[in-house]
Amino acid sequence: MKMSVDADRCSGHGRCYALAPALLESDGDGFVTIRGSMVDVPQGSESAARDAAAWCPEGAINILDREDS
Ligand code: F3S
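The rules behind each value
- Residues numbered from 1 in each chain as written.
- Predicted model: local features only at pLDDT ≥ 70, side-chain atom pairs only at ≥ 80, totals over all residues.
- Heavy atoms only, no water.
- Pairing = 2+ DSSP bridges.
- Helix = DSSP H or I, 4+ residues; strand = E, 2+ residues; numbered from the N terminus.
- Axes fitted to C-alpha atoms, helices over the stretch in contact; angles between N-to-C directions.
- Contact = heavy atoms within 4.5 Å.
- Salt bridge = Lys/Arg side-chain N within 4 Å of Asp/Glu carboxyl O.
- Buried < 20%, exposed > 50% of the residue type's maximum accessible area, 1.4 Å probe, protein only.
- 1 Å grid on protein atoms, 1.4 Å probe; cavity = no way out; pocket = protein on both sides within 12 Å on 5 of 7 lines; lining within 4 Å.
- Points joined across faces, edges and corners; volume = space filled by probe spheres on them.
- Nonpolar A, V, L, I, M, F, W, Y, C, P; charged D, E, K, R; others polar.

Undergrad: Any chance you could break down the sheet that holds strand β1 (residues 2-5) for me, citing the residues and the numbers?
TA: Note on sheets: strands pair through backbone hydrogen bonds, and any given pair is parallel or antiparallel. Taking strand neighbours across the sheet as the criterion, the 3 strands line up as β2-β1-β3 in an open arrangement whose pairing is antiparallel. One side of each edge strand has no neighbouring strand; the edge strands of this open sheet are β2 (38-40) and β3 (61-64). Across this sheet, the average inter-strand angle for adjacent strands is 25°, counted without regard to direction. Examined bridge by bridge, β1 and β2 share 3 bridges and lie antiparallel to one another. Residue pairing across strands places M3 opposite V39, the latter belonging to β2. With respect to the sheet, helix α2 (residues 46-55) is in contact with β1 and β3, its orientation differing from that of β3 by roughly 145°.

Here it is, written out as structure tokens:
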């Protein structure tokens, strides 16, 4: 699984890293550090990634489930 954060949509609400602190963190300015990036979700963190995506009020987080995507 991979996840990405749309740099244009992320406006620093911080719910993602508050909900999934083992997976995501703040860049110090309130934005998530992976803003504008796509990263691999470590095994065991899939549920946290989905929760973070579901709770972002901007819909900035996308989850890619396919192994080859
Ligand atoms: Fe950004 Fe949404 Fe997280 S706006 S900081 S991706 S909750």
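After that view, the rundown keeps rolling.
Undergrad: I'd like to hear about the pattern of salt bridges, residue by residue, with values.
TA: In total, this model carries 2 salt bridges according to the counting rule given. A salt bridge links D40 to K2, with the shortest nitrogen-to-oxygen separation between them at 2.9 Å. Residue D40 is located in strand β2, and its partner K2 is located in strand β1; the two are separated by 38 residues in the primary sequence. The class of D40 is exposed, set by a relative accessible area of 55%. Here R50 makes a salt bridge to D65, at a shortest N to O gap of 2.8 Å. Of this pair, R50 sits in helix α2 while D65 is found in the segment after β3, placing the two residues 15 residues apart along the sequence. For D65, a relative accessible area of 46% corresponds to the partly exposed category.

Undergrad: Which residues make up empty space enclosed by the protein, and what are the values?
TA: On inspection of all chains with the given rule, the structure shows 1 cavity of 30 Å³ or more. Estimates place the volume of the largest cavity at around 80 Å³. Looking at the largest cavity, it is lined by 15 residues, and the ones nearest its centre are C10, H13, G14, C16 and C56. Among the elements that take part in the lining of the largest cavity, helix α1 (residues 15-19) stands out by supplying 3 residues, more than any other. Residues of the lining of the largest cavity, tallied by class, amount to 8 nonpolar, 5 polar and 2 charged.

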